[in-house]
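Descriptive analysis of the structure
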Amino acid sequence: QRQLIGIDLKHYLSSKINFHGRLDYDLVNNTIKRSEVGGRYHLSQKFEIGLDYIYRTPYFDLNSIFWVFDIQPNQEIALRANYYWNSNRFYLSVGSVMFDGDNNQRFNIGWSWKSLYFGYNHRSGYGGDSNAFVTSYNYTIKNKLVLSLSSNIYSYKMINSNESEQAIGETIGLSYRMNRKFSMQGQAQFLKNALYSNDLRFFLRVNYAFFHRFDN
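In this report, the structure presented in the accompanying data block is examined. Please read these numbers as outputs of a predicted model, since none were measured by experiment.

Turning next to a nonpolar patch on the surface. A contiguous nonpolar surface patch, about 520 Å² in accessible area, is contributed by Y137, Y139, I141, L149, I172 and L174. For the nonpolar patch, the secondary-structure elements that each account for two or more residues are β9 (129-140) and β11 (165-177).

Along the chain, S93 turns up in strand β6 (residues 88-99). Since its relative accessible area comes to 4%, S93 is described here as buried. Among the polar contacts made by the side chain of S93, one reaches the side chain of R80 at a distance of 3.3 Å.

Inspection of the entire model under this criterion finds eight aromatic pairs. Ring geometry for F99 and Y126: centres 4.9 Å apart, planes at 45°, overall tilted. Taken together, the positions of F99 in strand β6 and Y126 in the loop between β8 (116-125) and β9 put the pair 27 residues apart, joining distant regions of the chain. Accessibility expressed as a relative area gives 28% for F99, which makes it partly exposed.

About the thresholds
Residues numbered from 1 in each chain as written. Predicted model: local features only at pLDDT ≥ 70, side-chain atom pairs only at ≥ 80, totals over all residues. Heavy atoms only, no water. Patch = residues over 30% accessible without salt bridge, like charges linked within 9 Å, V, L, I, M, F, W, Y side chains within 5 Å. Areas by Shrake-Rupley, 256 points an atom, 1.4 Å probe, with all protein chains shown as cover. Salt bridge = Lys/Arg side-chain N within 4 Å of Asp/Glu carboxyl O. Helix = DSSP H or I, 4+ residues; strand = E, 2+ residues; numbered from the N terminus. Buried < 20%, exposed > 50% of the residue type's maximum accessible area, 1.4 Å probe, protein only. Polar contact = N/O pair within 3.5 Å; in protein donor to acceptor, adjacent residues only side chain to side chain. Phe/Tyr/Trp six-rings, centres within 6.5 Å; stacked < 30°, edge-to-face > 60°.

Right under this line is the structure:
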């Protein structure tokens, strides 16, 4: 379905400045699927800023029906900032995605504290305009049992449309990790938008990892 080879590199120029790079190569189509270069500057132990450039081509598995569509690469440049205070993290990102003949502007701001997250995302330009408020929370009921909750509220306007639509997405899930190899996740999803007035879905996933450690 997919054959990729990749490499990640990171270099510390000093205690305050570091650079990173990434390259993913598609062995089947002999093309670069993703390349990324960026840097981070630490103004202090709590505050850092960064600049990233990303080149990517949308990826579909070889057995996917979406291969019938024409796939074009896109480029993104983004300025990011993180501020850490005790267990709090404040995040800001401003970027632009450059498609063939058009651009899409993105603005993200968020706050997280331990397992709680609140965020606001804005998109404009190619693909339409949208605003989204996102929140998520994970709570450990027991040592191996975790409850997850998330809520997403969207207001979006499709390209060449003068009317805004609203959408709400809610999820609640449980994950149980019996041991290092075996885990289970169950999730219920609720969606309401212009096309679906009451859409409810349930998912169940079981994972078993096949690995063995050879000790000397």
